[in-house]
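In case you want the letters, here they are:
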Amino acid sequence: MVGAVSATVRVAGTTRCWKLGLLTIVTLVVSQFLLFHLGSTSFYSPKWSALVESPTELPVNFKFLNMEEEEESEEDIPSYYDDEEDQWARSGENVTARRVRPPCPANPPGLVGRLRVERNPPTLEELEDYHPELTKGGHYWPRNCTALHKVAIIIPYRDRRNHLAALVLHLHPFLQRQLIEYNIYVVEQAGNGPFNRGMLMNVGFTEALKQFPYDCILLHDVDLVPEDDRNLYTCPEPPRHMSASISSHHYRLMYADYFGGVSAMTADQYRAINGFSNKFWGWGGEDDDLFRRVRYQKMNISRYPGDLGRYTMLSHKKAKPSPTRHRVLRKGKRRYKTDGLNSLKYQILKTERRHLFTWMLVALPRP
């Protein structure tokens, strides 16, 4: 009788052990299944971790439109920033950190005033090592406060590599001391035809605003370097002529209506005047036409005092003035509402988000 009972106990114990083992195996299988399928969408997934650990890199599926790649349509390319949350993640800034940082001071405390301009800069390739704080495309934001201004600097360009290096060498520390968020856009005209500065400005404005809703636009010649960082690259209520005092003109304003070189206005102001005229091929006239467009919209022009608005003109061979500039300028008032941003035609041949700036190669159609 005792033997029978012992045998029964051993059988029951074996059954319980077998069931417990089977339950353990099933639990492990289910756990692995859940970890595999749910882990890919969890907060700790490899894709998210890579984005957090390498904040200066964009997601691997992020592309820019390259007109040479015919297999990709414009609809397949995502916008630079899809929404307010994503724009900061893509640009490299932690969204939570941005929200808790205080606003940057309106009067930046780190300004140094008068600066020495380096006319023999390092190469652009060498300059890339100077600025580890930048993210791709020449983008920067203050790390200890939230910038009050988001600025696009647009530089029309062709065959001025040394000038571009000198300007970039100077601009990045200059702008960072001003505690603004900014991006530099270099818009290069393809081919050897007459240069159209105004149309390149319009292209830069259009492309920059596709990427980010900048509140301030700086229209900047490549051969002008600011000499004083108290000349703030921000946009006041009236449009501002930044380069009122240029070394090549003995630091004197050339004439009262002069609006060339470097100027600043809000995106809304630039749209209100319909941007630059697209009709000025060759040197001269487009900046005077821009001044008149501002006045047609009953806006005033502001300038810093001469000692702040000082710029060094980098030496170069003078371009031959366009023989048609005066005729085109005379017809400006009747034409400015239909000639500008709303009539702009161009082709982006190539775009590269380089370390120091965003570069675009643009083909402009001649009439």
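Residues numbered from 1 in each chain as written. Predicted model: local features only at pLDDT ≥ 70, side-chain atom pairs only at ≥ 80, totals over all residues. Heavy atoms only, no water.

(A) Fine view of the state of the cysteines. Counted by the stated rule, this structure contains 2 disulfides. The partner cysteine of Cys 104 in its disulfide is Cys 145, sulfur to sulfur 1.9 Å. Here the disulfide of Cys 104 and Cys 145 is right-handed, its torsion about the S-S bond being about 90°. Linking Cys 104 in the loop between α4 (95-100) and α5 (124-127) with Cys 145 in the loop between β1 (139-140) and β2 (150-157), this pair joins segments that are 41 residues apart in sequence. Looking at Cys 104, the relative accessible area reads 4%, which means it is buried. Sulfur-sulfur distance for the disulfide between Cys 216 and Cys 235 comes to 2.0 Å. Since a negative S-S torsion denotes a left-handed disulfide, the Cys 216-Cys 235 link at about 80° is right-handed. With Cys 216 in strand β4 (residues 216-220) and Cys 235 in the loop between β5 (224-226) and β6 (240-241), this pair connects stretches of sequence that are 19 residues apart. When sorted by exposure, Cys 216 lands in the same class as Cys 235, which is buried. Look at the protein and number its bonded cysteines as they come in the sequence; the links are 1-2, 3-4. (Disulfide = S-S within 2.5 Å. Helix = DSSP H or I, 4+ residues; strand = E, 2+ residues; numbered from the N terminus. Buried < 20%, exposed > 50% of the residue type's maximum accessible area, 1.4 Å probe, protein only.)

(B) View of helix α9 (residues 286-296). The element α9 is extensively covered by neighbouring structure, given that 8 of its 11 residues are classed as buried. On its buried side, α9 packs onto α7 (197-211), β4, β8 (262-265), α10 (325-330) and α11 (332-335). (Contact = heavy atoms within 4.5 Å.)

(C) Quick peek at the confidence of the model for the protein. Chain-level pLDDT for the protein is 79 on average; 73% of the residues reach the 70-or-more range. Counting interchain partners and residues more than four positions distant, the pLDDT-below-50 stretch residues 1-14 has 0 contacts. Within the model, the stretch residues 33-92 combines pLDDT values under 50 with 67 contacts to residues more than four positions away or in other chains. (pLDDT = per-residue confidence, 0-100.)

(D) Fine view of the environment of Ala 319. With respect to the element layout, Ala 319 can be found in the loop between β10 (310-313) and α10. On a C-alpha basis, the gap between Ala 319 and Gly 282 in space is 8.2 Å, while along the polypeptide they are 37 residues apart.

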